[in-house]
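Here is what each chain is made of, one letter per residue.
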Amino acid sequence: MKIHPLRVGRTKVPFGQFYGGLAGADFDEFVTDKDHFIWVPIHAYLLEHPTVGPVLVDTGISPEQTEHVEYYRGSIMEHVMDVDEYDLPADETLTAQLVRLGHKPQDVRAVIITHFHEDHVGGLNLFGHAPVYLGAGEYAAREEKVFGLVPLAYPPSIAAITDWRPIEFTGPAVGGFGGSADLFGDGSVIALPTPGHSPGSTSVLVDHRFLLTGDALYTIRHLAVDDVRAIQVGKEEQYIDSIRRIQWLRRAIPDLLIVPAHDDTEYGVRLTAGLVAGELSEEDLRWAKDWERETFDEAIRLNPARLPHFIPDPDGGPVGRVS
Ligand SMILES: [Zn+2]
């Protein structure tokens, strides 16, 4: 089926949050570090399922979230978040992206969310008419507090949803995953449990070819979990275990293409551009596999030349980029 990446704005994150998990960086450091920001894209995906119709995976951010002070008024998030953490140009809103593909939000037949974080469920209220699938562990944890501060699922983002479909992974083993869930009964959209980034983070395998990882992997380089790691707060073993299972899945499906939600690198940019018409060309497929071969060895260790480094803004601004 066709799979369309929808770029729903971007978010400014500390380099250490994304890449500093092995460098001894900790949570306090990444919350207070205002000198090593990078911008990363926020992606949702529209699947053109042949019988179900348009299916959305994640919903990005909403225009209201770009005014954080208002959006988070009354919660501790008001004080934690930077006002300019999110950037959402008018032509990148979820609605604008759907219109570009000939759809209105009401046309979407089902929504799958990889996890409850705000940059994945910000647009969820547009889909009160649709069933919303998510890992059962994520659903069960929806009122748990993140860092003891705010609910995992921020209530105003999900208020319109009534048809929750918690996913139990009772289907057969797939690659390194002990369980799976065939969401529409035809094997084309399979949910796989990849917890760690959040309690019930879920990845979505489309046509046994594309793995939409949400934030189980921030970027393709995070697949080399012994060399590149995001900062984890509390569930590092689970996060690592989920990535190892993705590594095994990749061995089981040699043509697998890993599609993270925030890949700001050459790989992510090229894959997203290649998929703009919904399908990847043979040339782009070859490029992606060549890139992977140059980046990872057989044990999925990273080519040292591909280790991410922070490159400061040459003009002295607060936001740099990643090599
Ligand atoms: Zn995210």
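Our structure's up above, just so we're on the same page.
No experiment lies behind these values; they were computed from the predicted model shown.

Colleague: Give a detailed account of the nonpolar core, specifying residues and quantitative values.
Modeller: Membership of the largest hydrophobic core comes to 62 residues, with the highest contact counts inside it found for Ile38, Leu183 and Leu212. By residue number, the principal contributor to this core is helix 9 (residues 236–252), which donates five residues. What leucine 212 contacts, discounting residues up to four positions off in sequence, is Ile3, Tyr45, Leu47, Val57, Ser203, Val204, Val206 and Val259. Judged by nonpolar contacts, the second largest core, of 27 residues, contains Leu6, Val8, Phe127 and Ala153.

Colleague: Provide a residue-level description of unusual backbone geometry, including the pertinent values.
Modeller: In terms of backbone geometry, most residues other than glycine have negative phi values and most peptide bonds are trans. Not every positive phi belongs to a glycine, and aspartate 58 is a case in point at roughly 70 degrees. Mapped onto the secondary structure, aspartate 58 falls in the loop between strand 3 (53–57) and helix 3 (68–71). Notably, isoleucine 300 is not glycine yet its phi reads approximately 60 degrees, a positive angle. Relative to the helices and strands, isoleucine 300 resides in the loop between helix 11 (282–295) and strand 15 (310–311).

Colleague: Would you mind going over the sheet that holds strand 11 (residues 189–193) in detail, with residue names and values included?
Modeller: Here we have five strands laid out as an open sheet, ordered 10-11-12-13-14, and mixed in their pairing. Each of the sheet's edge strands pairs with one partner strand only, and the pair in question is strand 10 (181–182) and strand 14 (257–259). Of the pairings in the sheet, the one linking strand 12 (residues 202–206) to strand 13 (residues 210–212) comprises three bridges and is antiparallel in character. In the sheet register, valine 206 faces strand 13, and the bridge partner there is phenylalanine 210.

Colleague: Can you lay out the coordination of the zinc ion for me, pointing to particular residues and giving the numbers?
Modeller: Each protein donor to the zinc ion is listed here as Asp119 (OD), His120 (NE2), Asp215 (OD) and His262 (NE2); together their distances run 2.0 to 2.2 Å. One can describe the site at the zinc ion as irregular: its four donor atoms subtend angles covering 82 to 159 degrees at the metal. If you list the donors of the zinc ion from N- to C-terminus, the spacing comes out as D-H-x94-D-x46-H. Given a relative accessible area of 12%, aspartate 119 falls into the buried group. Residue histidine 120 is classed as buried on the basis of its relative accessible area of 0%.

About the thresholds
- Residues numbered from 1 in each chain as written.
- Predicted model: local features only at pLDDT ≥ 70, side-chain atom pairs only at ≥ 80, totals over all residues.
- Heavy atoms only, no water.
- Core = buried A, V, L, I, M, F, W, Y, C linked by side-chain atoms within 4.5 Å.
- Buried < 20%, exposed > 50% of the residue type's maximum accessible area, 1.4 Å probe, protein only.
- Helix = DSSP H or I, 4+ residues; strand = E, 2+ residues; numbered from the N terminus.
- Contact = heavy atoms within 4.5 Å.
- Pairing = 2+ DSSP bridges.
- Donors = N, O, S within 2.8 Å, 3.2 Å for Na, K, Ca; no water.
- Tetrahedral: all angles 85-135°; square planar, octahedral: opposite > 155°, others 65-115°.

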